[in-house]
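If you want the building blocks of each chain, they are given just below.
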Amino acid sequence: MNQALFLNSVLQEKIWGGDHLKAYGYDLPSDKVGEYWAISAHPHGVSTIANGEFKGMTLDKLYAEHRELFGDSEETVFPLLTKILDANDWLSVQVHPDNAYGAKHEGELGKTECWYIISAEPGAEIVYGHTAKSRQELAQMIEDGNWDDLLTKVPVKAGQFYHVPSGTMHAVGAGIVILETQQSSDTTYRVYDFDRRDKEGNLRELHIQQSIDVLTIPGDKLPDNKVVTEKFEGADLSTLVKSEFFDVFKWVINGSHDFTKNAIYTLVSVLEGEGELEIEGQSVKIKKGNHFILPSTVENWRISGHLEMIASNPTK
Ligand code: ZN
């Protein structure tokens with residue numbers, strides 16, 4: 001197995017979604033598409049292998065039956081999930097549990113996530129952290145609906161990166177498209193949903209007690225994340241984060257670059273441009289909107305062209 005595993009994946013409609021994901025070549029069923037679960041083995045939207053000897057197999061099945069492609073990892077489920085999100089409106093203000101709370105209460109992983117901001121309209125903001133200094137103060141401010149004082153809003157622009165550990169109060173704001181790398185979990189505790197109603201007139205469920213349980217105190221304890229960029233002849237390679245669950249990189253290719261495997265296996269998303277991926281003398285075209293996995297059996301690869309990509313790997 002000396003090929004990349006390309007994927008066909010699932011679009012998710014959301015009340016806050018839009019139609020920006022058309023630009024990636026995806027066939028949108030409506031103008032309310034919020035998420036493309038680009039690399040996923042999660043049962044709520046699993047990817048299917050698009051090429052080679054495993055074409056048509058779902059990623060969860062491939063992971064279960066061919067663990068040699070994934071470095072014989074002892075992780076029982078494929079641990080990461082890559083999404084592109086189109087926030088045409090604010091997502092709910094939310095928080096995710098850590099692995100211990102997720103296992104105990106939800107029967108799945110916790111969720112640490114991170115965001116590469118692909119685009120942001122002028123004035124676009126996120127919620128990142130909160131101002132409460134104690135759990136009691138947090139509960140009181142939530143009960144009072146004192147959102148203006150509680151939620152920390154941060155203006156964002158394209159090219160920025162945010163690391164969002166489990167326990168962080170967060171929301172992606174209107175007018176933002178992001179590439180999200182996260183643990184493979186779909187557990188979200190909604191703190192506040194702007195009192196919005198869906199087309200049937202229903203409010204979405206909130207999870208106030210779970211949120212108060214898992215939110216980090218104090219709420220301004222956020223990671224001090226520094227991006228480091230290495231410049232090569234045909235490539236700028238940036239390390240966006242190295243964390244407990246994943247490492248995430250940005251690869252900008254203008255020309256060509258030879259890569260050597262330095263992780264158990266690697267997930268890659270092409271955000272801009274086109275070019276070629278060459279493995280052992282075999283070339284395939286890659287372009288904006290493609291997502292693929294370089295299995296652990298691939299030791300070396302070359303990428304040529306003019307491309308912007310986000311790559312990630314699990315840490316075990
Ligand atoms: Zn989230």
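Conventions we followed
- Residues numbered from 1 in each chain as written.
- Predicted model: local features only at pLDDT ≥ 70, side-chain atom pairs only at ≥ 80, totals over all residues.
- Heavy atoms only, no water.
- Core = buried A, V, L, I, M, F, W, Y, C linked by side-chain atoms within 4.5 Å.
- Buried < 20%, exposed > 50% of the residue type's maximum accessible area, 1.4 Å probe, protein only.
- Helix = DSSP H or I, 4+ residues; strand = E, 2+ residues; numbered from the N terminus.
- Domains from an automatic or database assignment.
- Contact = heavy atoms within 4.5 Å.
- Donors = N, O, S within 2.8 Å, 3.2 Å for Na, K, Ca; no water.
- Tetrahedral: all angles 85-135°; square planar, octahedral: opposite > 155°, others 65-115°.
- Pairing = 2+ DSSP bridges.
- Axes fitted to C-alpha atoms, helices over the stretch in contact; angles between N-to-C directions.
- Phe/Tyr/Trp six-rings, centres within 6.5 Å; stacked < 30°, edge-to-face > 60°.
- Lys NZ or Arg CZ within 6 Å of the ring centre and 35° of its normal.
- Buried area = accessible area lost by both parts, 1.4 Å probe.
- Salt bridge = Lys/Arg side-chain N within 4 Å of Asp/Glu carboxyl O.

Draft legend 1. How the structure looks around the nonpolar core. Counting 38 residues, the largest nonpolar core has F70, F78, I84 and I293 as the members making the most contacts within it. At 4 residues, the largest contribution of residues to this core is made by strand β3 (residues 33-39). Residues lining this core come from more than one domain, with at least three contributed by each of domain 1 (5-214) and domain 2 (228-314). With residues up to four places along the chain from it excluded, the contact list for F70 reads L5, L59, L62, Y63, F78, I264, Y265, I293 and S296. I253, I286, V298 and M309 belong to the second largest nonpolar core, which has 21 residues in total.

Draft legend 2. Main features of the coordination of the zinc ion. Binding of the zinc ion to the protein goes through Q94 (OE1), H96 (NE2), E113 (OE) and H170 (NE2), at separations of 2.1 to 2.5 Å. Taken together, the 4 donor atoms surrounding the zinc ion define angles of 75 to 155° at the centre, an arrangement classified as irregular. Mapping the donors of the zinc ion onto the primary sequence yields the spacing Q-x1-H-x16-E-x56-H. Separated by 74 residues along the polypeptide, H96 in the loop between β6 (93-95) and α2 (99-105) and H170 in strand β11 (residues 170-172) bring together distant segments of the chain.

Draft legend 3. Seen up close, the sheet that holds strand β12 (residues 176-183). One open sheet accounts for 6 strands, arranged β2-β3-β5-β12-β7-β10; its pairing is antiparallel. Looking along the sheet, the strands with just one partner apiece sit at the ends: β2 (10-18) and β10 (161-164). With strand direction ignored, the average angle separating the axes of adjacent strands in the sheet is 25°. Where β3 lies against strand β5 (residues 80-87), 3 bridges are found, and the strand directions are antiparallel. In the sheet register, Y36 faces β5, and the bridge partner there is I84.

Draft legend 4. Geometry of the packing of aromatic side chains. On inspection of all chains with the given rule, the structure shows 16 aromatic pairs. Aromatic side chains W251 and W301 sit 6.4 Å apart centroid to centroid with 35° between the ring planes, which places their arrangement in the tilted category. Of this pair, W251 sits in strand β16 (residues 246-260) while W301 sits in strand β20 (residues 300-314); the two residues are 50 residues apart in sequence, bridging distant segments of the chain. Each member of the pair, W251 as well as W301, is classed as buried. By way of ring pairs, the aromatic residues Y63, F70, F78 and Y265 are connected into one cluster. Between K288 and the ring centre of Y24, over which it is positioned, the NZ or CZ distance is 4.8 Å.

Draft legend 5. Unusual backbone geometry, seen in detail. Backbone torsion omega between I217 and P218 reads -10°, so that peptide bond is classified as cis. Within the secondary structure, P218 sits in the loop between α5 (208-214) and β14 (228-231). One non-glycine residue, F194, lies in positive phi territory at about 60°. Tracing the backbone shows F194 in the loop between β13 (189-192) and α5. You can call F194 partly exposed: its relative accessible area is 28%.

Draft legend 6. Layout of the domain arrangement of the protein chain. The domains assigned to the protein chain are domain 1 (5-214) and domain 2 (228-314). Once you take the C-alpha centre of each, domain 1 and domain 2 turn out to be 23 Å apart. Tallying the contact residues gives 33 residues for domain 1 and 30 residues for domain 2. Around 2600 Å² of area is buried between domain 1 and domain 2 when both sides are counted, 75% of it from carbon and sulfur atoms. Put simply, domain 1 and domain 2 have 0 salt bridges between them.

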